[in-house]
Amino acid sequence: MDKTDSLLRFITCGSVDDGKSTLIGRLLYDSKTILSDTLNQIEKTSHKRGLSAVDLSLLTDGLQAEREQGITIDVAYRYFSTPARKYIIADSPGHEQYTRNMVTAASTAQAAIILIDARKGILTQTKRHTYLSKLLGINQFIVAVNKMDLVSYDQETFNSIVKEYEALFHAISVNENNQFTINFIPMSALNGDMVVVRLDNMNWYQGDTLLEILENADSQSTNSNLAFRYPVQYVCRPRDSENKELHDFRSFMGRIESGRIKVGDKIKSLPSNQESTIKAIYIGDQVINEAISPQSVSILLNDEIDISRGDMLTELTNTPSITKDFNATICWLSEEPLNQGRVYKIMHTSKIAKAKISSIFDKIDVNTLSSIEADKIETNDIANIRIALAQPIMSDNYFDNRKTGSFIIVDDSTNHTVAAGMINNIY
Amino acid sequence: MQNELSHLDWLEAEAIHIMREVAGQCSNPILLFSGGKDSLCLLRIAEKAFRPGKFPFPLMHIDTGHNYQEVIDFRDRKVIELNERLIVRSVEDSMARGTVKLNYELEPRNKYQSITLLEAIDEFEFDCCIGGARRDEEKARAKERIMSFRDSFGQWDPKNQRPELWDLYNAMTHKGENIRAFPISNWTEMDVWQYIEREQLELPSIYFAHKRDIIRRDGAIVPVTEVTPPKDGEIVENIMVRFRTVGDITCTAPVESHADDVQKIIIETAETRISERGATRLDDQMSEASMEQRKKEGYF
Ligand SMILES: Nc1nc2c(ncn2[C@@H]2O[C@H](COP(=O)(O)OP(=O)(O)OP(=O)(O)O)[C@@H](O)[C@H]2O)c(=O)[nH]1
Ligand SMILES: [Mg+2]
């Protein structure tokens, strides 16, 4: 394994027009990632619209409809690298209507940049996005108080937003045992203050620039330190009768969603509970002795046991629950409300199971951050429910393991993904 | 043993996982293979995902008929070497059937590949096409999901994409619908070159600097070929060039370069100030939204 550099995935989120897309444009521009022909294009477009300066949000707002309306509708993924690492940025939309797309962006992020317009302070969407980021398990927060140029770079304005945000952050009581880091930073995405360079409008701020914070953020997935979880995606049986060696070959292909494994380790296959030991580990035709999350490998066992897609290899003692009944927090993403009478499908690791919502407990009121009674679930709702499955899944709580604790709900008449779920109590 | 993967290892692991999800969820997938560098990376990923077994899908080339012979020869050699099955469907057959109608004889045929592709999807009832598109190529691609749903007309609806959470990919379709799966979505041009270097992948020779007859037209370098002859009064020069992408000859331009091996290309890629498409695709610049438009109509 050649370790030369690392990779960090982060999102930008916050309320409408807080400057998320502009900030990403600024990051790419100042880190010299934007190539000159792309810049020419957005210069032309900005000009056509009669803008005096280049509109950097055009760099991420790539859809026609977005450019026409000046808003972000769906996530844009952008990339840049420094000598230290590669970054994958997901720019999420601020509009409440497109919350589902923000959830998509946040689900794979390791850090969140929450933007706040210095003139407006904390708004409902700021709360919602902070709530969702925390709920989805992000533990590194960078709070960027943007548009400081419009408040004369006033330190007091910054300080009072910081205070208010800290109170908000602590009032959100999800995943409280997580180790959080929060950095606050005053900025002007438009002018570039404190993004890549400091400039000298805010000499009262002693902290790092945004890029410095990103360069020092933790990119290591903690997953490799968790218990071994290996959902089988595919079984390889070449059945090559000409090649003796391959005649009886059978390997189990998948991605190590958490933990690590080496040749000789004892494992268990779930749900059948049969035990064996690791005979060999491959990536393609390359033999390796050990592997860690999130590598995609191929595993050979010393015993002939029946394993197929949807089963899971785990270690012997620290095993997931085999369950058909659990509680979860879900984000309802579909325009069509939940129909409690219907049977849905859930996708969990490499497994698909039929599912019914057996109870709805409550919903979160994002404004007050309190729980409210609920009997129906609609677009953008965050709700606590109980689910009953027709087939068992091998699961951990989301807080313990994001990979084996997450699932999506699919409506099998349209095949749409209608909800994202996080398991928090297994019966 | 380290605790963290390098960025290339991470990208590779993700791509293998995506390909296996296609194999696990779809009943009749296909891998689109052009002989170009991105699809060559896909083939290496497929080897790592499925060997010593066979690929659980055939390869398919949608041939515009406007090719560099080196690329076609390379494509065929690669298929034999891998011992996999290749299906070729050509835009010229669609022209003969009358389903593709050119506006003028030497019109670039890239955009007509959509029609031929959709015809092939119907013919074989493919439920998923694995492609080598990357999000860093173009602003509409930057918006697309890794498993991107297309309706029974092959249309992409960018305002109503399926949410795609964690690494749970929903590739479910009804008959006639289709998923486009993009395992190297998160790779940049630089990642591709670094991967080619690390894996020592062989490429068609036109990717490396070579001498070629060209003309300079409207700021672009146009290679002189049968289908792109010089116009009256244009001067033919013979200079060192390389291609950053391979596609329909009539709309793929080379760049001036002396980079004759992968390492030199990596250095040039790091220094270049012009994007892959900006430099080399003569057809994408026409309209600001042309890629989005094409994707809505069924393009890769
Ligand atoms: N003065 C000033 N204007 C800014 C700054 N950052 C962004 N803007 C402007 O604010 C407006 C909205 O910026 P966007 O980047 O599109 O906002 P967004 O947060 O991405 O909006 P949505 O994605 O639609 O939620 C644009 O007109 C920007 O030029 C800033 O630091 N100072
Ligand atoms: Mg935006």
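1. Topic: the overall build of chain B
Now for step 1: Broken down by element type, chain B carries nine helices and 10 strands.
Now for step 2: Taken against the 2.2 N^0.38 rule, which gives 19 Å for 300 residues, the C-alpha radius of gyration of chain B at 19 Å falls within 12% of a compact globule.
Now for step 3: Expressed along its principal axes, the backbone C-alpha trace of chain B runs to roughly 55 × 55 × 40 Å.
Now for step 4: When each of the 300 residues of chain B is scored for burial, the buried share is 64%.

2. Side note on the coordination of the magnesium ion (ligand 2)
All names here are of chain A.
Now for step 1: Within the protein, the magnesium ion (ligand 2) binds to S21 (OG) and T72 (OG1); these donor distances fall in the range 2.0 Å. Here the residue S21 occupies a position in helix α1 (residues 20-30), and T72 occupies one in the loop between α3 (64-69) and β2 (76-81), the gap between them amounting to 51 residues. T72 shares its class with S21; the two are buried.

3. Describing the pairing of strand β7 (residues 210-217) of chain B
Residues and elements named next belong to chain B.
Now for step 1: Relative to strand β9 (residues 237-242), β7 is paired through five bridges, and the arrangement is antiparallel. Bridge pairing in β9 places H210 opposite V241.
Now for step 2: Relative to strand β8 (residues 220-223), β7 runs antiparallel, the two sharing four bridges. Residue pairing across strands places I215 opposite V222, the latter belonging to β8.
Now for step 3: Where β7 folds back on β8, the antiparallel hairpin that results is connected by two residues, among which D218 adopts a positive phi of roughly 50 degrees.

4. Looking at the sheet that holds β7(B)
Residue and element names in this part refer to chain B.
Now for step 1: One open sheet holds the four strands; their spatial order is β8-β7-β9-β10, and the pairing between them is antiparallel. Each edge of the sheet is formed by a strand with only one pairing partner; in this case those strands are β8 and β10 (255-256).
Now for step 2: Where β9 meets β10, two bridges bridge the pair, whose relative direction is antiparallel. In the strand pairing of β10, R242 is matched with V255.

5. Side note on the side chain of R150(B)
Residues and elements named next belong to chain B.
Now for step 1: When you line up the elements, R150 lands in strand β5 (residues 147-150).
Now for step 2: Looking at R150, the relative accessible area reads 0%, which means it is buried.
Now for step 3: Here the side chain of R150 touches Y299 through a polar contact of 2.8 Å, landing on its backbone oxygen.

6. What to know about the nonpolar core
Now for step 1: Grouped together as the largest cluster of nonpolar side chains are 159 residues, with contacts concentrated most on F10(A), I11(A), Y165(A) and L210(A).
Now for step 2: In terms of residue count, helix α1 (residues 7-25) of chain B provides more of this core than any other element does, nine residues in total.
Now for step 3: Not counting residues up to four positions away in its chain, the partners in contact with L210(A) are L23(A), L27(A), I113(A), I142(A), I185(A), M187(A), M194(A) and V195(A).
Now for step 4: Counting 23 residues, the second largest nonpolar core, distinct from the first, contains W332(A), I346(A), A353(A) and A419(A).

7. Considering the site of ligand 1
Residues and elements named next belong to chain A.
Now for step 1: Not every one of the 20 residues close to ligand 1 is listed here, only the nearest: K20, S21, T22, T72 and D149.
Now for step 2: Separating an oxygen atom of ligand 1 from a backbone N or O atom of G19 is a distance of 2.9 Å.
Now for step 3: Residue D149 places a side-chain N or O atom 2.7 Å away from a nitrogen atom belonging to ligand 1.
Now for step 4: When ligand 1 sits alone it has 660 Å² of accessible area, and the protein chains cover 86% of it.
Now for step 5: Taken together, the residues of the shell around ligand 1 sort by class into five nonpolar, 10 polar and five charged.

8. So, helix α4 (residues 99-107) of chain A
Residues and elements named next belong to chain A.
Now for step 1: For α4, the tally of buried residues reaches nine of nine residues, placing the bulk of the element in the interior.
Now for step 2: Looking only at α4, the buried set comprises T99, R100, N101, M102, V103, T104, A105, A106 and S107.
Now for step 3: In the core, the buried residues of α4 are packed alongside β1 (6-14), β2, β3 (85-91), α5 (124-135) and β22 (416-426).

9. Overview of the domain arrangement of chain B
Residue and element names in this part refer to chain B.
Now for step 1: For chain B, the assigned domains read domain 1 (7-191 + 289-296) and domain 2 (203-280).
Now for step 2: Centre-to-centre, using C-alpha coordinates, domain 1 lies 24 Å away from domain 2.
Now for step 3: Tallying the contact residues gives 24 residues for domain 1 and 24 residues for domain 2.
Now for step 4: Taken together, the two surfaces of domain 1 and domain 2 that pack against each other cover about 2000 Å², and 60% of this comes from carbon and sulfur.
Now for step 5: Applying the counting rule to domain 1 against domain 2 returns two salt bridges.
Now for step 6: Between R244 and E189 there is a salt bridge, and its shortest N-O distance comes to 2.8 Å.
Now for step 7: Elements with a contribution of two residues or more to the side of domain 1 that touches domain 2: α2 (37-50), α3 (69-82) and α6 (189-199).
Now for step 8: The class makeup of the residues in the side of domain 1 that touches domain 2 is eight nonpolar, six polar and 10 charged.

10. Some words on the pattern of salt bridges
Now for step 1: For the coordinates displayed, the defined rule picks out 49 salt bridges over all chains.
Now for step 2: Between R9(A) and E14(B) there is a salt bridge whose closest N-O contact spans 3.9 Å. Taken together, the residues span two chains, with R9(A) in strand β1 and E14(B) in helix α1.
Now for step 3: Residue E14(B) is classed as buried on the basis of its relative accessible area, which comes to 5%.
Now for step 4: Residue R51(B) is joined to E84(B) by a salt bridge in which the shortest nitrogen-to-oxygen separation is 2.8 Å. Of this pair, R51(B) sits in the loop between α2 and β2 (59-63) while E84(B) is found in the loop between α3 and β3 (86-90), placing the two residues 33 residues apart along the sequence.
Now for step 5: Look at R51(B) and you get buried, because its relative accessible area is 17%.
Now for step 6: Overlapping salt bridges bring together D9(B), E12(B), R44(B), E47(B), K48(B), R198(B) and E199(B) as one network.

11. Let's talk about the confidence of the model for chain B
Now for step 1: Per-residue confidence for chain B gives a mean pLDDT of 89, with 94% of residues at or over 70.
Now for step 2: Note on the complex model: pTM 0.92, ipTM 0.92.

12. Details of the side chain of T417(A)
Now for step 1: Along the chain, T417(A) falls in strand β22.
Now for step 2: A distance of 2.9 Å separates a polar atom in the side chain of T417(A) from a polar atom in the side chain of N170(B).
Now for step 3: Not counting residues within four places of it along the chain, the set of residues in contact with T417(A) comprises I408(A), I409(A), R162(B), P163(B), L165(B) and N170(B).

13. Describing the environment of V88(B)
Now for step 1: With respect to the helices and strands, V88(B) occurs in strand β3.
Now for step 2: Aside from chain neighbours lying at most four places away, what touches V88(B) is H61(B), D63(B) and R75(B).

14. Some thoughts on the packing of α4(A) against α5(A)
All names here are of chain A.
Now for step 1: Between α4 and α5, the shortest axis-to-axis distance is 10 Å and the interhelical angle comes to 35 degrees. In this structure, the crossing between α4 and α5 has a hand that is right-handed. Facing T99, M102 and V103 of α4, the residues of α5 in contact are Q125, R128, H129, L132 and S133.
Now for step 2: For the contact of α4 with α5, the class distribution of residues is three nonpolar, four polar and one charged.

What counts as what
- Residues numbered from 1 in each chain as written.
- Chains lettered and ligands numbered in written order.
- Predicted model: local features only at pLDDT ≥ 70, side-chain atom pairs only at ≥ 80, totals over all residues.
- Heavy atoms only, no water.
- Helix = DSSP H or I, 4+ residues; strand = E, 2+ residues; numbered from the N terminus.
- Rg over C-alpha atoms; globule rule 2.2 N^0.38 Å.
- Buried < 20%, exposed > 50% of the residue type's maximum accessible area, 1.4 Å probe, protein only.
- Donors = N, O, S within 2.8 Å, 3.2 Å for Na, K, Ca; no water.
- Pairing = 2+ DSSP bridges.
- Polar contact = N/O pair within 3.5 Å; in protein donor to acceptor, adjacent residues only side chain to side chain.
- Core = buried A, V, L, I, M, F, W, Y, C linked by side-chain atoms within 4.5 Å.
- Contact = heavy atoms within 4.5 Å.
- Near = heavy atom within 4 Å.
- Areas by Shrake-Rupley, 256 points an atom, 1.4 Å probe, with all protein chains shown as cover.
- Nonpolar A, V, L, I, M, F, W, Y, C, P; charged D, E, K, R; others polar.
- Domains from an automatic or database assignment.
- Buried area = accessible area lost by both parts, 1.4 Å probe.
- Salt bridge = Lys/Arg side-chain N within 4 Å of Asp/Glu carboxyl O.
- pLDDT = per-residue confidence, 0-100.
- Axes fitted to C-alpha atoms, helices over the stretch in contact; angles between N-to-C directions.
- Left-handed = near helix turned anticlockwise from the far one by under 90°.

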